[in-house]
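Next come the chains, spelled out residue by residue.
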Amino acid sequence: MTQDDGDLDSLVRKRIRALRVAQGWSLEELANRAHLSQSTLSRIENGQRRLALDQLVTLARALGTSLDQLVETAADDIVTSPMIDAAHGLMRWTMKGEPGMSVVRQRMTEPPPDNPARMRAHPGREWLVVLSGTAILMLGHKRFRIEANQAAEFPTMLPHAIGAEGGPCEILGIFDRDAQRGHKADAPAQPV
């Protein structure tokens, strides 16, 4: 075994224990969920038992994660710079771990449109947090007031629009692949 293999082995064992503790589970509880004996799980966490692929798959499922996430190592390229769309006042970051997802930071100054015909619907889900100011989310026939440090998550098949209330607001939005495609198709419109 090389030094790198030993580092990965140790990292995976620490990650299993940390995920178990974060869930508030005892060794016995995780062992039951993973269909392992408590002593086997203890020896896995403490490095006294070899890590077997079938056990790692079972443990990943029981911990609510994937095998890839359980064994991934730190990447060298963890810092990224945004792509800037000055015409729409956007900064966009692509999420590497979830291909097709992106994060958008936007400063808004206009209220949402009064005309429901200007609201749009498209496949996907969006999540946003208001960084400063107050935003208004129009979602179907409902109006939601979202203040700084509050978040909203919604399916984008509901007609929606967002804007500022009482002055500028700044939001950070996360778009899944389908929602991102919907916004690219509506490029001239003000994205959520």
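What you see as residue numbers is a count from 1 along each chain, following the sequence as written. Thresholds applied to this predicted model are a pLDDT of at least 70 for local features of residues and 80 or more for the giving and counting of side-chain atom pairs; totals over whole chains, interfaces and linings are not thresholded and use all residues. Computation of side-chain values covers all heavy atoms of the structure but excludes hydrogens and water.

## Concerning the sheet that holds strand 8 (residues 160–164)
Pairing between two strands requires that DSSP report at least two bridges joining them. Strands are runs of DSSP state E lasting at least two residues, helices are runs of H or I lasting at least four, and both sets are numbered from the N terminus onward. In space, the three strands of this open sheet follow the order 6-5-8, with antiparallel pairing throughout. The sheet terminates laterally at strand 6 (142–147) and strand 8, the two strands that pair on one side only. In this sheet, neighbouring strand axes are inclined to one another by 20° on average, regardless of whether the strands run parallel or antiparallel. Across five bridges, strand 5 (residues 134–139) lies against strand 8 in antiparallel orientation. Considered in strand 8, the bridge of leucine 139 is made with histidine 160. Where helices are involved, their axes are fitted lines through C-alpha atoms of the stretch in contact, as for all axes, and angles between N-to-C directions lie from 0 to 180°.

## Points about the confidence of the model for the protein chain
In low-pLDDT segments, the atomic positions of the prediction should not be examined closely. The predictor rates its confidence in each residue with pLDDT, a number between 0 and 100. With 80% of its residues at a pLDDT of at least 70, the protein chain reaches an overall mean of 81. Should any heavy atoms of two residues lie within 4.5 Å, those residues are counted as being in contact. A low-confidence stretch, residues 187–192 stays under pLDDT 50, and its non-local contacts, those more than four residues away or across chains, total 22 contacts.

## Re helix 2 (residues 27–34)
Relative accessibility thresholds used throughout: buried, under 20% of the residue-type maximum; exposed, over 50%; partly exposed, between the two (1.4 Å probe, protein chains only). Along helix 2, the residues that are buried comprise Leu30, Ala31 and Ala34. The buried residues of helix 2 occupy an angular sector of 105° when the element is viewed end-on, so they sit on one face. Histidine 35 sits one or two residues past helix 2 and shows a positive phi near 55°. Directions drawn from the helix axis to the C-beta atoms are what define this arc.

## Let's talk about helix 4 (residues 53–62)
Spacing of three or four residues puts side chains on the same side of an α-helix, whose turn is 3.6 residues. Those residues of helix 4 that sit buried are Gln55, Leu56, Leu59, Ala60 and Ala62. The arc that holds every buried residue of helix 4, seen down its axis, measures 160°, which confines them to one face. Of the residues in helix 4, the exposed ones pointing more than 90 degrees away from the buried face are Leu53, Asp54 and Arg61. Remark: glycine 64 follows helix 4 within two positions and exhibits a positive phi of approximately 75°.

## Remarks on the packing of helix 2 against helix 3 (residues 38–46)
It is at 8 Å that the axes of helix 2 and helix 3 come closest, and there the two elements cross at 105°. When the axis of helix 2 is compared with that of helix 3, the two are roughly perpendicular. For the pair helix 2 and helix 3, contact is made by Leu27, Glu28, Leu30 and Ala31 and by Gln38, Leu41, Ser42 and Glu45, respectively. Each residue is assigned to one of three groups, with Ala, Val, Leu, Ile, Met, Phe, Trp, Tyr, Cys and Pro labelled nonpolar, Asp, Glu, Lys and Arg labelled charged, and all others, Gly among them, labelled polar. The residue makeup of the contact of helix 2 with helix 3, split by class, is four nonpolar, two polar and two charged. Roughly parallel means an angle under 35 degrees; roughly antiparallel means over 145; roughly perpendicular covers 65 to 115; every other angle is labelled oblique.

## Details of the nonpolar core
Ranked by internal contacts, the top residues of the largest apolar core, which has 16 residues, are Ile16, Leu30 and Leu59. Of all the secondary structure elements, the ones that give two or more residues to this core are helix 1 (3–23), helix 2, helix 3 and helix 4. When residues of this core are assigned to their parent elements, the largest contribution, four residues, is made by helix 4. Aside from chain neighbours lying at most four places away, what touches leucine 30 is Ile16, Arg20, Trp25, Leu41, Leu59, Ala62 and Leu63. Here, nonpolar core refers to any group of buried Ala, Val, Leu, Ile, Met, Phe, Trp, Tyr and Cys residues whose side-chain atoms link them within 4.5 Å.

## Some details on the packing of helix 2 against helix 4
At their nearest, the axes of helix 2 and helix 4 sit 8 Å apart, and the two run at 110° to each other. Judged on the interaxial angle alone, helix 4 and helix 2 are roughly perpendicular. Note on packing geometry: the crossing formed by helix 2 with helix 4 is right-handed. Counting all contacts with helix 2, which are made through Leu30, Arg33 and Ala34, the residues of helix 4 involved are Thr58, Leu59 and Ala62. In a left-handed crossing the near helix is turned counterclockwise from the far helix by less than a right angle, and in a right-handed crossing that turn is clockwise.

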